[in-house]
Amino acid sequence: FKVTRTLCIALYYSATRLCRQVTPVGRGESTMLSSSVFILSAIVVGLFLLSTSELSAAFQNTARGHRHAYRRLTLIRAAEPTQLTASDEVSFTVRAAELDKSLGLTDHEKNVVNVHRLCSPSVAYVTSIAASGSTDERRRRAGLPRGRSLGSGSGFVVDSSGYLVTNYHVVQRAYELNELMSKTRERLGVFANTTFGEALSGRSSGQVFVRFGSDEASARYLSCDIVGVAKELDLAVLKINGTPESPLKALSFGSSSALLVGQTTVACGNPFGLDKTLTSGIVSALGRSVTGVAGNEIKNCIQTDTAINPGNSGGPLLNLDGMVVGVNTMIVTTSGSNAGIGFAVPSDAVKENTSRIIEMDKRRQAKGKRRGRLGMEVALTSLEATLAQRLEATLAERVATDRITGAFVTSIASDSPLQGRGVKAISLADGCVSLGDRVVNVGGNRIENGQQFLEAMSKRVEGEKIDITLENAEGVGRVVYVELAPMPLA
């Protein structure tokens, strides 16, 4: 600005001085010369104003571009509602919906992004090892012993108390090794624990570990037990030993029988050890029969062109609602990698078999334990129907809504584990009923009504940790993690 202003002033004074030095020969010529000087001065001043305005606009556009780039960067870092600090003085919160809107995503892209955002934390890397020898410091910190690898793949949480589902062939070698050791010890009888017995049965056993973090260097491996298998469906159920550092969120099962050819599906897993990898495709065909590891036919499998590679085995095949519609199990290929033909075990069969295995394991663990108590009452029969109709009418005035499902919370006991968690029951004030929260999911299982909620809670035991998904009267959902209290004896 200073250089431009100096040049303009110099030109103006030079033109004025030239005008004074010229001897006028006539009134007309003098007037013409004065006019020329005036025009020249006007042009110089105009150039000055033009240059300053253009420079100012350029600097403003540059600053605006930097602000936009900074805002875009901070939004990208805000996939979840997270507190972002731009400096020591400014902080703000950006929600995932605002991120999607700011990036101009299509509705289809938003759905796929949301599936990964909500479901990937529940997908784990599964590996099995025949432990042997001492463990180095890095593996010891990670919780992984030294040993021979027996296989790896993917798995996902189906119950927040620590149960995961994977393919049987992912842990098959570890399972068979443990079965062999168990039978050998039974045959050895009293000699099993002697030096001779240990030498015959083998010192190493098959150990299974899962890892939820995507950073192999810092994430910890959690040891698991194989609590049950369904070889005919190539399924295995794992149970994490101990309590994970962070609560587990179970994935919900959708209906595989409701799928249509051409419907979009996404797979989340760990192909080639690459954690949290998401691929998308469509349902290519339904009702396929494939030969499982047990040699039998697995019927009604889902064929998909969603990319499935080695390491995806045991991971979930999801619909755009984020619900499990299948368990990825095998591919048809000539190269060993994805060729566009993959198969998944249907979720209807998976849910039935895994629920049975989990229930049996919980009963084994629950011996000597009392039934779990949540201390919450829900609406039933006629009251439930009335509340559902009222809520459906209220929501229909603002947004399009499907049939209202879930169990309406009517009261919460003073000693309930839910106290202080912000759970709201229906209330009556001045003759008006105010709706509270609804329970729509318990431990990864969808709740259709109050009776189904009572049945789900009847199988729980004291000390069990579960996740409960609630929706308020506005239709906004949230998840509450709670540990069940013991049921009173009298």
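Residues numbered from 1 in each chain as written. Predicted model: local features only at pLDDT ≥ 70, side-chain atom pairs only at ≥ 80, totals over all residues. Heavy atoms only, no water.

Some remarks on the overall build of the protein chain
Within the protein chain one finds 10 helices and 24 strands. Burial analysis of the protein chain (490 residues in total) assigns 40% to the buried set. Here the contacts in the protein chain between residues at least 6 apart in sequence split such that 62% fall between residues at least 24 apart. When the accessible surface of the protein chain is totalled, it reaches about 26900 Å², and 54% of it is carbon and sulfur. (Helix = DSSP H or I, 4+ residues; strand = E, 2+ residues; numbered from the N terminus. Buried < 20%, exposed > 50% of the residue type's maximum accessible area, 1.4 Å probe, protein only. Contact = heavy atoms within 4.5 Å. Areas by Shrake-Rupley, 256 points an atom, 1.4 Å probe, with all protein chains shown as cover.)

Regarding the sheet that holds strand β14 (residues 342-346)
Read once around its circumference, the closed barrel built from six strands follows the order β9-β10-β11-β14-β13-β12, with strand pairing classed as antiparallel. Going from strand to strand, the sheet's axes swing by 50° on average, the running direction of each strand aside. Where strand β13 (residues 324-331) and β14 come together, five bridges link them in antiparallel fashion. What sits directly across from isoleucine 331, in β14, is glycine 342. The strands touched by helix α4 (residues 107-119) are β9 (264-269), β10 (277-291) and β12 (316-318); relative to β9, the strand with the most contacts, the crossing angle is about 30°. With respect to the sheet, helix α8 (residues 347-365) is in contact with β13 and β14, its orientation differing from that of β14 by roughly 45°. (Pairing = 2+ DSSP bridges. Axes fitted to C-alpha atoms, helices over the stretch in contact; angles between N-to-C directions.)

Quick word on the sheet that holds strand β8 (residues 235-240)
Backbone hydrogen bonds are what pair the strands of a sheet, in a parallel or an antiparallel way. With antiparallel pairing, six strands are arranged side by side around a closed barrel as β3-β4-β5-β8-β7-β6. This sheet shows a mean twist of 40° between the axes of neighbouring strands, independent of strand direction. By the bridge criterion, three bridges tie strand β6 (residues 206-211) to strand β7 (residues 222-230) in an arrangement that is antiparallel. Pairing of valine 208 across the sheet is with cysteine 224, part of β7.

Observations concerning the nonpolar core
Core analysis: the largest hydrophobic core is formed by 26 residues, its most contacted members being Phe156, Val158, Val165, Leu235, Leu318 and Val350. The residues touching valine 350, leaving out its near neighbours within four places in the chain, are Val165, Leu235, Phe253, Val327 and Val345. Counting 20 residues, the second largest nonpolar core, distinct from the first, contains Val409, Ala425, Val439 and Leu470. (Core = buried A, V, L, I, M, F, W, Y, C linked by side-chain atoms within 4.5 Å.)

Structural notes on the confidence of the model for the protein chain
Per-residue confidence for the protein chain gives a mean pLDDT of 78; residues scoring 70 or more make up 70%. A low-confidence stretch, residues 68-92 stays under pLDDT 50, and its non-local contacts, those more than four residues away or across chains, total 32 contacts. (pLDDT = per-residue confidence, 0-100.)

A closer look at the pairing of β6
By the criterion of burial, β6 is predominantly enclosed, with five of the six residues buried. Two strands pair when backbone bridges link them, and strand β3 (residues 123-131) and β6 are joined in this way by six bridges, in the antiparallel orientation. Bridge pairing in β6 places threonine 127 opposite phenylalanine 209.

Focus: the packing of aromatic side chains
Going through the model one piece at a time under the given rule, you end up with three aromatic pairs. Ring centres of tyrosine 168 and tyrosine 175 lie 5.8 Å apart, and the angle between their planes is 80°; on these two criteria the pair is classed as edge-to-face. Over the face of the ring belonging to tyrosine 163 we find lysine 239, whose NZ or CZ atom lies 5.5 Å from the ring centre. (Phe/Tyr/Trp six-rings, centres within 6.5 Å; stacked < 30°, edge-to-face > 60°. Lys NZ or Arg CZ within 6 Å of the ring centre and 35° of its normal.)

Focus: helix α10 (residues 450-457)
Among all positions in α10, only Gly450, Phe453, Ala456 and Met457 are buried. Taken around the axis of α10, the buried residues stretch over an arc of 120°, which confines them to a single face. At the N-terminal end of α10, a side-chain oxygen is found 3.3 Å from the backbone nitrogen of glutamine 451, two or three residues along, and the residue is asparagine 449. (Arc of directions from axis to C-beta. Polar contact = N/O pair within 3.5 Å; in protein donor to acceptor, adjacent residues only side chain to side chain.)

With respect to the pattern of salt bridges
Inspection of the entire model under this criterion finds eight salt bridges. With its nearest N and O atoms 2.9 Å apart, the salt bridge here joins lysine 362 to aspartate 159. With lysine 362 in helix α8 and aspartate 159 in strand β4 (residues 147-159), this residue pair connects regions lying 203 residues apart in the sequence. Both residues of the pair, lysine 362 and aspartate 159, belong to the buried class. Note that aspartate 437 is salt-bridged to arginine 478, the shortest N-O span being 3.0 Å. Of the two residues, aspartate 437 is situated in the loop between β19 (432-434) and β20 (438-442) and arginine 478 in strand β23 (residues 477-483); the sequence distance between them amounts to 41 residues. Among the ionic contacts, a cluster of salt bridges with common partners joins Asp159, Lys362, Arg460 and Glu464. (Salt bridge = Lys/Arg side-chain N within 4 Å of Asp/Glu carboxyl O.)

A closer look at unusual backbone geometry
Residue aspartate 234 is not a glycine yet carries a positive backbone phi of 55°. Turning to its location among the elements, aspartate 234 is positioned in the loop between β7 and β8. Residues other than glycine seldom take positive phi values, yet threonine 381 does so here, at roughly 45°. Here threonine 381 falls in the exposed class, since its relative accessible area comes to 65%.

A closer look at the pairing of β13
Taken across its eight residues, β13 has six buried, putting it largely inside the fold. Looking at chain direction, β12 and β13 are connected through three bridges and run antiparallel. Each bridged residue has a counterpart across the sheet, and for leucine 317 the counterpart in β13 is glycine 326.

Side note on α8
Taking 1.5 Å per residue as the helical rise, α8 with its 19 residues ought to reach 27 Å, and the 26 Å between its terminal C-alpha atoms agrees with that figure. Turning to α8, its buried residues are Ser347, Val350, Asn353, Thr354, Ile357, Ile358, Asp361 and Lys362. Taken together, the buried residues of α8 touch β4, β5 (163-167), β7, β8, β13 and β14. (Expected span 1.5 Å × (residues − 1).)

Points about the environment of threonine 333
Inspection of the secondary structure assignment puts threonine 333 in the loop between β13 and β14. Linking threonine 333 and asparagine 309, residues 24 residues apart in sequence, is a C-alpha distance of 9.8 Å. Looking at threonine 333, its side chain comes within polar contact range of the main-chain nitrogen of serine 335, at 3.0 Å.

Quick notes on the environment of methionine 181
Among the secondary structure elements, methionine 181 is positioned in helix α6 (residues 168-188). Residues methionine 181 and serine 205 lie 24 residues apart in sequence; the distance between their C-alpha atoms is 7.5 Å.

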